[in-house]
Amino acid sequence: MHLDLISITWGCLMATFTASLALVIWARNGL
Amino acid sequence: YPIYAQQAYANPREVTGRIVCANCHLAQKAIELEVPNSVLPNQEFEATVKIDYDLNQKQLLGNGQKGGLNVGAVLILPEGFRLSPNSRSPFFNTYSEQLPNVIVIGPVPGEKYREIHFPLKAPDPTTNKQVHFVKYSIYAGGNRGRGQLYPNGQKSNNAPVLASVNGVIEQIRENEVVIKTDQGDLVSQAIPAGHTLLVKQGQKIQNEQPLTMDPNVGGFGQAEKEIVLQNPTRLKTFIAFCVTVFIGQLAFVLKKKQVERVQASEMN
């Protein structure tokens with residue numbers, strides 16, 4: 001349960017980075 | 001044995017960082033320490049000390065026979081960290097009443113315990129004011145095999161026999177070597193059972209020169225790792241921040257897409 005919170009936080013950080021990149025690519029209609 | 005250190009030293013870690021086991025276990029051999037990067041308050045976790053060695057090796061026992069190696073380890077935790085109360089293993093002990101954050105184990109048979117898993121519990125800074133949400137160091141020492149000295153300074157038979165004088169080997173008897181010094185005196189030196197002689201009769205030797213091969217196959221090593229006592233509120237705040245960032249970015253991009261659609265329809 002507690003270890004999960006640390007893993008969830010790492011997951012959240014990585015997901016935010018990925019989502020950020022994806023949104024930029026979508027907004028610019030490609031790289 | 002850990003008990004020797006417990007009797008002789010109030011704190012097993014000297015100011016230089018050396019763990020006191022090294023005072024008797026003179027031979028060095030590396031160990032590995034594994035701990036989680038971060039733990040939360042009251043979390044039960046495990047620290048693993050790996051004391052690797054070749055299981056085929058036999059060591060010289062006190063009686064001159066050959067036998068398997070024992071292992072032992074000490075784990076020096078930060079203030080507040082404890083052995084898990086749920087641990088039912090009889091092998092783990094605290095170093096002393098004053099140092100419940102230092103845990104010792106041993107001697108235990110090396111065949112079974114080359115990897116020692118310490119069950120631990122993290123402290124809670126809300127109840128223990130001496131503990132804070134910061135990065136702490138964990139120190140571990142691990143040993144396999146017998147030591148080279150006893151706590152009283154006497155050499156064990158697990159070390160090479162050194163010549164006590166300059167001279168010539170006069171005679172080699174069973175369990176004894178007689179050296180004739182440069183002055184003509186005869187000095188006899190006991191050779192414990194199980195040792196292999198390196199010298200021959202008539203050979204000239206120097207003081208402190210080894211007369212027998214080093215019978216030792218073990219050694220002591222220490223390792224250090226860092227562990228973060230992590231604040232759960234900090235983590236939850238960070239997750240909320242990440243979500244906010246995502247929603248913010250999404251809003252900007254959706255707005256841009258909307259503007260693009262309006263521009264496209266105006267051009268038509």
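The coordinates are above.
The model shown is predicted, which means the values in this text are computed figures rather than measured ones.

Colleague: Kindly report on the interface of chain A and chain B, identifying the contributing residues and their values.
Modeller: Contacts between the two partners involve 16 residues from chain A, matched on the other side by 20 residues from chain B. Buried area between chain A and chain B, summed over both chains or domains, comes out near 1,600 Å², and the portion from carbon and sulfur atoms is 77%. Linking chain A with chain B are zero salt bridges. Split into classes, the residues belonging to the side of chain A that touches chain B amount to ten nonpolar, five polar and one charged.

Colleague: Account for the packing of aromatic side chains, with residues named and values stated.
Modeller: Residues and elements named next belong to chain B. The tally for this structure, following the rule as stated, stands at six aromatic pairs over all chains. An angle of 70° between the planes, with centres 5.4 Å apart, marks the rings of F91 and Y113 as edge-to-face. Of the two residues, F91 sits in the loop between β7 (82-83) and β8 (93-94) while Y113 sits in the loop between β9 (102-109) and β10 (115-121), which places them 22 residues apart along the sequence. Taking the relative accessible area as the measure of exposure, Y113 reaches 22% and is therefore partly exposed. Each ring, one from F92 and one from F118, has its centre 5.1 Å from the other, and the planes form 50°; the classification is tilted. With F92 in the loop between β7 and β8 and F118 in strand β10, this pair connects stretches of sequence that are 26 residues apart. Taken together, the ring pairs connect F45, F81 and Y136 into an aromatic cluster. Residue placement shows R13 over the ring face of Y139; its charged tip is 3.6 Å from the ring centre.

Colleague: Please provide a residue-by-residue account of the pairing of strand β16 (residues 219-229) of chain B, values included.
Modeller: Residues and elements named next belong to chain B. Bridge count between strand β2 (residues 38-39) and β16: two bridges; the pairing is parallel. Within the sheet, the bridge partner assigned to V39 lies in β16 and is L229. The pairing of strand β11 (residues 135-144) with β16 spans ten bridges and is classified as antiparallel. By the bridge assignment, I138 is partnered in β16 with K225.

Colleague: Provide a residue-level description of helix α2 (residues 232-267) of chain B, including the pertinent values.
Modeller: For α2 of chain B, built from 36 residues, the straight-helix expectation of 52 Å at 1.5 Å per residue is met to within 8% by its first-to-last C-alpha distance of 53 Å. P232, L235, I239, C242, V253 and K257 of chain B are the residues of α2 of chain B that are buried.

Colleague: So what's going on with the sheet that holds β7 of chain B? Which residues, and what values?
Modeller: Residues and elements named next belong to chain B. Within the open sheet, the four strands sit side by side as β1-β3-β10-β7. Their pairing is antiparallel. Looking along the sheet, the strands with just one partner apiece sit at the ends: β1 (32-34) and β7. Two elements, β7 and β10, share two bridges in a ladder whose sense is antiparallel. Bridge assignment links R82 to a residue of β10, and that residue is K121.

Colleague: Before we move on, could you go through a nonpolar patch on the surface and cite the residues and values that matter?
Modeller: A contiguous nonpolar patch, built from Y1, I3, Y4 and Y150 of chain B and spanning about 390 Å² of accessible area, is present on the exposed surface. Checked against the element boundaries, Y150 of chain B lands in the loop between β11 and β12 (167-173).

Colleague: Tell me about the sheet that holds strand β6 (residues 70-76) of chain B, residues and numbers included.
Modeller: Two pairing modes exist for strands in a sheet, parallel and antiparallel, and in both the strands are linked by backbone hydrogen bonds. Taken together, the six strands give an open sheet; going across it, the order is β2-β16-β11-β6-β9-β8 (chain B), and neighbouring strands pair in mixed fashion. Two strands bound the open sheet, and with one partner strand each, they are β2 and β8 of chain B.

Colleague: So what about the pattern of salt bridges? Which residues, and what values?
Modeller: All names here are of chain B. All chains considered together, the criterion is met by six salt bridges over all chains. Where K135 meets E226, a salt bridge forms, and the shortest distance between an N and an O atom there is 3.7 Å. In this pair, K135 sits in strand β11 while E226 sits in strand β16, placing the two residues 91 residues apart along the sequence. A residue is classified by how much of its surface remains accessible, and K135, at 53% relative accessible area, is exposed. In this structure, K256 and E260 form a salt bridge, with 3.1 Å as the shortest nitrogen-oxygen distance. Taken together, the residues span about one helical turn, with K256 and E260 both in helix α2 at a distance of four residues. Given a relative accessible area of 36%, K256 falls into the partly exposed group.

Conventions used here
Residues numbered from 1 in each chain as written. Chains lettered and ligands numbered in written order. Predicted model: local features only at pLDDT ≥ 70, side-chain atom pairs only at ≥ 80, totals over all residues. Heavy atoms only, no water. Contact = heavy atoms within 4.5 Å. Buried area = accessible area lost by both parts, 1.4 Å probe. Salt bridge = Lys/Arg side-chain N within 4 Å of Asp/Glu carboxyl O. Nonpolar A, V, L, I, M, F, W, Y, C, P; charged D, E, K, R; others polar. Phe/Tyr/Trp six-rings, centres within 6.5 Å; stacked < 30°, edge-to-face > 60°. Helix = DSSP H or I, 4+ residues; strand = E, 2+ residues; numbered from the N terminus. Buried < 20%, exposed > 50% of the residue type's maximum accessible area, 1.4 Å probe, protein only. Lys NZ or Arg CZ within 6 Å of the ring centre and 35° of its normal. Pairing = 2+ DSSP bridges. Expected span 1.5 Å × (residues − 1). Patch = residues over 30% accessible without salt bridge, like charges linked within 9 Å, V, L, I, M, F, W, Y side chains within 5 Å. Areas by Shrake-Rupley, 256 points an atom, 1.4 Å probe, with all protein chains shown as cover.

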